[in-house]
Amino acid sequence: MLLKNCKILNENFILEDKDIYIKDGKIAFSGEDTDALDLTGLTVIPGLIDIHAHGYNGKHTPECTYEELNVLCSEVIKQGITGMLATTSSMTKEQYKFAVTTAKEAMEKGTDGTEILGIYLEGPYLNAEFKGGMIEKNIRKFDKDEFLEIVKLSGNNVKIITIAPEIEGNLEGVKTIVESGVIASIGHTGATADEAAAGIEAGISNATHLFNAMTGLKHREPGVVGAVLDSDITAELICDGYHVNEKVIRTAYKVLGRDRLILISDMVPAAGLPEGRYESEGRVIIIKDGTVRLEDGTIDGNINCLSECVRRVVKFGIPFEDAVYCATYNPAKRIGVEDRKGSIAEGKDADLVLLDDSLDIKYVIKNGEIKYKNI
């Protein structure tokens, strides 16, 4: 297939007029002019990669069978997300075993839409005082045997795990996590700046949804936020404008720079559903006014997909090229798949999203096949 007469965000994330050829599901810049698709007026960007997504359209990723996860992926692809990490919350050991086994199956068999690129364990080794929307009874101290068993069951496909380093035993846990080849991410934590820095020194290299469910920045106690900003680790940011104010989003972008900032959705099963009251993980959730909350008012994840988050940060003032970079190449690099995904470069997977001038999605291409069309 030939994609012609379009602008592309090239591998240096600079817009240019250039045709793209797709050969055997890969990107090329020369080939035969057959099966041409005229894309006049559209911009081609790499497929979005959401490394922190819990579910969509009523489906909770860790509770899905393979068949259900496949359906979820066929729906999420329409949002321009060509790759994602199957993300858990804090759960029981048996629930984790089911979740990682299913995700492994999806990686081995493949899916009809969004590709599962690995697993993100958001917990259970957290601080219950900063649980956010987590179920408190499932939060516990680091258990080495449990963690290693779950990683083994996953086929070593666990990419990231969130941990609170100030909890007794968790700092040693960070070392075990890193030694196992998993990214340790600080989050759902009440750590002081010094405790956070100790965690970073021990091997923490990412921050789970920066600002949310952690100690904030104050001028005499910088907290986790201050320690992260003062370090060189990467940081996730939920950019729907509700979880983090747009002024803070702009400030974080200026401090972190595009190479440390990773845009995520933290998308939950309520995403894609109409306003109303629902049950999720045995609790009542309420979708209203663009957010999903528990009955006590606590925000319980995000109902906006990563593509919508990208649109919003561009409106907030982050350059389009950098917003896309932080939602494609940065997450790909963070989980170690940048050699085949995350940018429009010769030989990489033809995972592409085509946008109009309003940043609305017109086509989604996965491995060279059109998976969604809105023309």
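The structure we're discussing is the one just above.
Enquirer: Lay out the pairing of strand S19 (residues 283-288) with the relevant residues and their values.
Expert: Side-chain alternation along S19 places Arg 283, Ile 285 and Ile 287 on a buried face and Val 284, Ile 286 and Lys 288 on a face that remains uncovered. In the sheet, strand S18 (residues 276-280) pairs with S19 via 5 bridges, with the strands oriented antiparallel. Across the sheet, residue Arg 277 finds its bridge partner in S19, namely Ile 286. The pairing of S19 with strand S20 (residues 291-294) spans 4 bridges and is antiparallel. Residue pairing across strands places Ile 287 opposite Val 292, the latter belonging to S20. Between the end of S19 and the start of S20, which pair antiparallel, lie 2 residues, with Asp 289 showing a positive phi angle near 55 degrees.

Enquirer: Describe in detail helix H8 (residues 306-316), supporting the description with residues and values.
Expert: Within H8, 8 of the 11 residues are buried, which leaves the element mostly enclosed by the surrounding structure. Where H8 is concerned, the buried positions are Leu 306, Ser 307, Cys 309, Val 310, Arg 311, Arg 312, Val 313 and Phe 316. Elements that come into contact with the buried residues of H8 comprise strand S8 (48-53), strand S11 (81-88), helix H7 (246-256), strand S17 (261-264), helix H9 (320-327) and strand S22 (361-366). Taken from the residues just after H8, Gly 317 is the one with a positive phi, measuring 120 degrees.

Enquirer: Please give an account of the sheet that holds strand S4 (residues 20-23) that cites residues and values.
Expert: Read across the open sheet, the 4 strands follow the order S5-S4-S1-S6; overall the sheet is mixed. The open sheet terminates on both sides in strands that have one partner only, identified here as strand S5 (26-28) and strand S6 (36-38). Along the sheet, successive strands turn relative to each other by an average axial angle of 25 degrees, direction set aside. As judged from the 2 bridges shared by strand S1 (residues 2-4) and S4, these two strands associate in the antiparallel manner. Across the sheet, residue Leu 2 finds its bridge partner in S4, namely Tyr 21.

Parameters at a glance
- Here the residue index of a chain counts from 1 through its sequence in written order.
- The predicted nature of this model means local features are confined to residues of pLDDT at least 70 and side-chain atom pairs, given and counted, to a pLDDT of 80 or more, with totals for whole chains, interfaces and linings taken over all residues.
- Neither water nor hydrogens contribute to the side-chain values; these are computed over all heavy atoms in the structure.
- Each residue gets one of three labels from its accessible area relative to the maximum for its type: buried under 20%, exposed over 50%, partly exposed in between, using a 1.4 Å probe on protein chains only.
- For helices the rule is a DSSP run of H or I covering at least 4 residues; for strands it is a run of E covering at least 2, with both sets numbered from the N terminus onward.
- At least two DSSP bridges between two strands are required for those strands to pair.
- We call two residues in contact when some of their heavy atoms are within 4.5 Å.
- Each axis is a line fitted through C-alpha atoms, and for a helix only the stretch in contact is used; angles between axes span 0 to 180 degrees, taken between their N-to-C directions.

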